[in-house]
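A structural walkthrough
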Amino acid sequence: MLRYGAVALLIPLALLAACSGSEDKALTKNAACAEGDARADLKGMGSGSGDDDPTMSVEFQIENSTTATCDYDFKFVYTDINGKQQTLTAGMGSQGARTWSAVTPGERRTHDIEDVPSKAPGEDWEDAAGDISSEHLVSFERKPHTD
């Protein structure tokens, strides 16, 4: 009887050990998304509209610099031609958040958000170094992709 009790105890322990090993690999792989500055993955940003056009399109370009498949999220604020604060997020645009989901290592993606109010004349989105200003790009995050 003791023999069966020992086997019954060893099977759950073996399963636990096997599962914890795969969790460690997943955690290590997913940790790559959290490493480093995610803003470095923002490769470009631009806006365009016609003269005296009340709306514009904004384009974001990203490239996943990690060794893991990641999701991205951002919040961008600016002042429009009417002096109101506007907020752009990863959920906006024709593809919405799908554009920012499951970006594989080294993959480059472009995301357009159409028909947003034009920015105020003379508003500059870059800082002195030529990067997108933190005043405007208030958050830019890279997260592990989950299926």
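Report on the accompanying structure. A quick note: this is a predicted structure, and the numbers were derived from the prediction, not measured.

How each quantity is defined
Residues numbered from 1 in each chain as written. Predicted model: local features only at pLDDT ≥ 70, side-chain atom pairs only at ≥ 80, totals over all residues. Heavy atoms only, no water. Pairing = 2+ DSSP bridges. Helix = DSSP H or I, 4+ residues; strand = E, 2+ residues; numbered from the N terminus. Axes fitted to C-alpha atoms, helices over the stretch in contact; angles between N-to-C directions. Phe/Tyr/Trp six-rings, centres within 6.5 Å; stacked < 30°, edge-to-face > 60°. Lys NZ or Arg CZ within 6 Å of the ring centre and 35° of its normal. Disulfide = S-S within 2.5 Å. Buried < 20%, exposed > 50% of the residue type's maximum accessible area, 1.4 Å probe, protein only.

Looking now at the sheet that holds strand β2 (residues 55–63). An order of β1-β2-β5 is seen for the three strands of this open sheet, with the pairing classed as antiparallel. Of all the strands in the sheet, the pair left with one neighbour each is β1 (42–48) and β5 (108–117). Strand-to-strand twist of the sheet, defined as the mean angle between neighbouring strand axes without regard to direction, takes the value 15 degrees.

On to the packing of aromatic side chains. Two aromatic rings are characterised by how far apart their centres lie and by the angle between their planes. This structure, assessed with the given rule, holds ten aromatic pairs. Taking 5.9 Å as the distance between ring centres and 45 degrees as the angle between the ring planes, the aromatic pair formed by Tyr72 and Phe140 counts as tilted. In this pair, Tyr72 is assigned in strand β3 (residues 70–79) and Phe140 in strand β6 (residues 137–144), connecting sequence segments 68 residues apart. An aromatic cluster is built from Phe60, Tyr72, Phe74, Phe76, Tyr78, Trp100, Trp125 and Phe140, whose rings are joined through pairwise contacts. Above the ring of Trp125, the side-chain terminus of Lys119 is found at 4.3 Å from the ring centroid.

A word on the state of the cysteines. Any covalent bond linking the sulfur atoms of two cysteines counts as a disulfide. Scanning the entire structure with this criterion turns up one disulfide. For Cys33, the disulfide goes to Cys70, at an S-S distance of 2.0 Å. On the sign convention where negative means left-handed, the S-S torsion of about -95 degrees between Cys33 and Cys70 marks this disulfide as left-handed. Taken as a pair, Cys33 in helix α1 (residues 2–34) and Cys70 in strand β3 lie far apart in primary sequence, 37 residues in all. Note on Cys70: relative accessible area 0%, which makes it buried.

So, about unusual backbone geometry. Notably, Ala102 is not glycine yet its phi reads approximately 55 degrees, a positive angle. With respect to the element layout, Ala102 can be found in the loop between β4 (85–89) and β5. Exposure remark for Ala102: the relative accessible area of 25% places this residue in the partly exposed category. Unlike most non-glycine residues, Asp115 shows phi in positive territory, near 55 degrees. Residue placement: Asp115 occurs in strand β5.

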